[in-house]
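# Breakdown of the fold
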Amino acid sequence: MKLCRKICVCLLLITSLLSLSACGGERPEATTVYVDKKGNLKQILVDPAPDYSPGELQTYTEDRIAAYNKAHTDADVQLNSCTEEEGVIYAELSYGSFEDYTGFNSMDCFLGTLEEAQTAGMIPEEQLIAAGGEAVDIAALLAEHPEYHILSLSEHTLVQTETAILGSGGTVVITGETTAVFGDGDAGTSGYYPRKTEAAGWLIFE
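## Re the pairing of strand 1 (residues 32–35)
- Every second residue of strand 1 is oriented toward a common face, with Thr-32 and Tyr-34 on one face and Val-33 and Val-35 on the other, all of them buried.
- Of the pairings in the sheet, the one linking strand 1 to strand 2 (residues 41–47) comprises four bridges and is antiparallel in character. Across the sheet, the residue bridging to Tyr-34 is Lys-42, located in strand 2.
- Two successive antiparallel strands, strand 1 and strand 2, enclose a turn made up of five residues, where Gly-39 displays a positive phi of approximately 90°.

This is the structure in structure tokens:
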């Protein structure tokens, strides 16, 4: 029995490490949303001052996910890992679509290509700005690269993309080639509960 228990613990640790590797291999400092060019959306929730255990959070989250997936046709929200390290709790969730992210978190979210955004009426009217400060010509990008991507999110969080960021708007500040801050980037006193921004932020990436 002890051997089986040790094996199970090792498998859980390996799963957690592999899960984090898929999101860049490092623990994020704050709650971070990860998006790629295939439309995949993951989130690592970070709570630096939890008043609960990883087990309690895992049970609570799994119950919420089960209820959400049962109530919504084709829903696909998953809890990939829930661990604690040096007093900080990390929980990684994956979402089958931006609609799942919206529904599960009660946050406005859109993720798709520029072409899909145009069809959905999600091309922002406001001027987007590149990291260097120059204006981004969305119409030109749409005509030349309809396969490029756009993320709209009304949440205080960090965001990391798989490919280079081209421009941002609204509440977003570009901090690196593939990183940006939405709102003030602070998910709140409890990192598990996201805070909504007053207006949506926009991010265009290759």
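## A word on the sheet that holds strand 2
- Spatially, seven strands are ordered 3-4-2-1-9-12-11 in an open sheet, and the strand pairing comes out mixed. The open sheet has two edge strands, strand 3 (77–85) and strand 11 (172–174), and neither has a second partner. Across the sheet, the axes of successive neighbouring strands diverge by a mean angle of 20°, strand direction being ignored.
- In this structure, strand 11 lies alongside strand 12 (residues 179–182), joined through three bridges in antiparallel fashion. Paired with Ile-174 across the two strands is Ala-180, which belongs to strand 12.
- Along the sheet face, helix 2 (residues 54–71) touches strand 3 and strand 4 (88–95) and points at about 175° away from the line of strand 3.
- On top of the sheet, helix 3 (residues 98–105) reaches strand 1, strand 2, strand 3 and strand 4; it is set at about 130° to strand 4, its chief contact.

## Considering helix 3
- For helix 3, the set of buried residues is Phe-98, Asp-100, Tyr-101, Phe-104 and Asn-105. For helix 3, the angular spread of the buried residues around the axis is 155°, confining them to a single face.
- Once helix 3 ends, the next one or two residues include Ser-106, with phi positive near 55°.

## Side note on unusual backbone geometry
- One non-glycine residue, Asp-74, lies in positive phi territory at about 65°.
- Mapped onto the fold, Asp-74 is located in the loop between helix 2 and strand 3.
- Taking the relative accessible area as the measure of exposure, Asp-74 reaches 73% and is therefore exposed.
- Unlike most non-glycine residues, Ser-106 shows phi in positive territory, near 55°.
- Relative to the helices and strands, Ser-106 resides in the loop between helix 3 and strand 5 (109–113).
- For Ser-106, a relative accessible area of 56% translates into the label exposed.

## Here's the deal with helix 2
- Over its 18 residues, helix 2 runs 26 Å from end to end, which matches the ideal 26 Å to within 8%, given 1.5 Å per residue.
- Along helix 2, the residues classified as buried are Pro-54, Leu-57, Thr-61, Ile-65 and Tyr-68. Looking down the long axis of helix 2, one finds its buried residues gathered within 65° of arc, a one-sided arrangement. Counted as exposed and oriented over 90 degrees from the buried face of helix 2: Asp-63, Lys-70 and Ala-71.
- Against strand 3, strand 4 and helix 3 lie the buried residues of helix 2.

## Brief notes about the packing of aromatic side chains
- Within the structure shown, the criterion is met by four aromatic pairs.
- Ring plane angle 65° and centroid distance 4.8 Å describe the contact between Tyr-95 and Tyr-101, whose orientation is recorded as edge-to-face.
- Here Tyr-95 falls in the buried class, since its relative accessible area comes to 4%.
- Above the face of the Phe-104 ring, Arg-64 is positioned so that its terminal group lies 4.1 Å from the ring centre.

## Considering the side chain of Asp-36
- Within the element layout of this structure, Asp-36 appears in the loop between strand 1 and strand 2.
- As a buried residue without a salt bridge, Asp-36 has its nearest oppositely charged side chain in Lys-38, at a separation of 6.5 Å.
- Engagement of the side chain of Asp-36 in a polar contact is seen with the backbone nitrogen of Lys-38, the distance being 2.9 Å.
- Of note is the side chain of Asp-36, whose polar atom sits 2.8 Å from the backbone nitrogen of Asn-40.
- Sequence-distant contacts of Asp-36, that is, excluding residues within four places in its chain, are made with Glu-162 and Phe-205.

What counts and what doesn't
Residues numbered from 1 in each chain as written. Predicted model: local features only at pLDDT ≥ 70, side-chain atom pairs only at ≥ 80, totals over all residues. Heavy atoms only, no water. Buried < 20%, exposed > 50% of the residue type's maximum accessible area, 1.4 Å probe, protein only. Helix = DSSP H or I, 4+ residues; strand = E, 2+ residues; numbered from the N terminus. Pairing = 2+ DSSP bridges. Axes fitted to C-alpha atoms, helices over the stretch in contact; angles between N-to-C directions. Contact = heavy atoms within 4.5 Å. Arc of directions from axis to C-beta. Expected span 1.5 Å × (residues − 1). Phe/Tyr/Trp six-rings, centres within 6.5 Å; stacked < 30°, edge-to-face > 60°. Lys NZ or Arg CZ within 6 Å of the ring centre and 35° of its normal. Lys, Arg positive; Asp, Glu negative; His and termini not counted. Salt bridge = Lys/Arg side-chain N within 4 Å of Asp/Glu carboxyl O. Polar contact = N/O pair within 3.5 Å; in protein donor to acceptor, adjacent residues only side chain to side chain.

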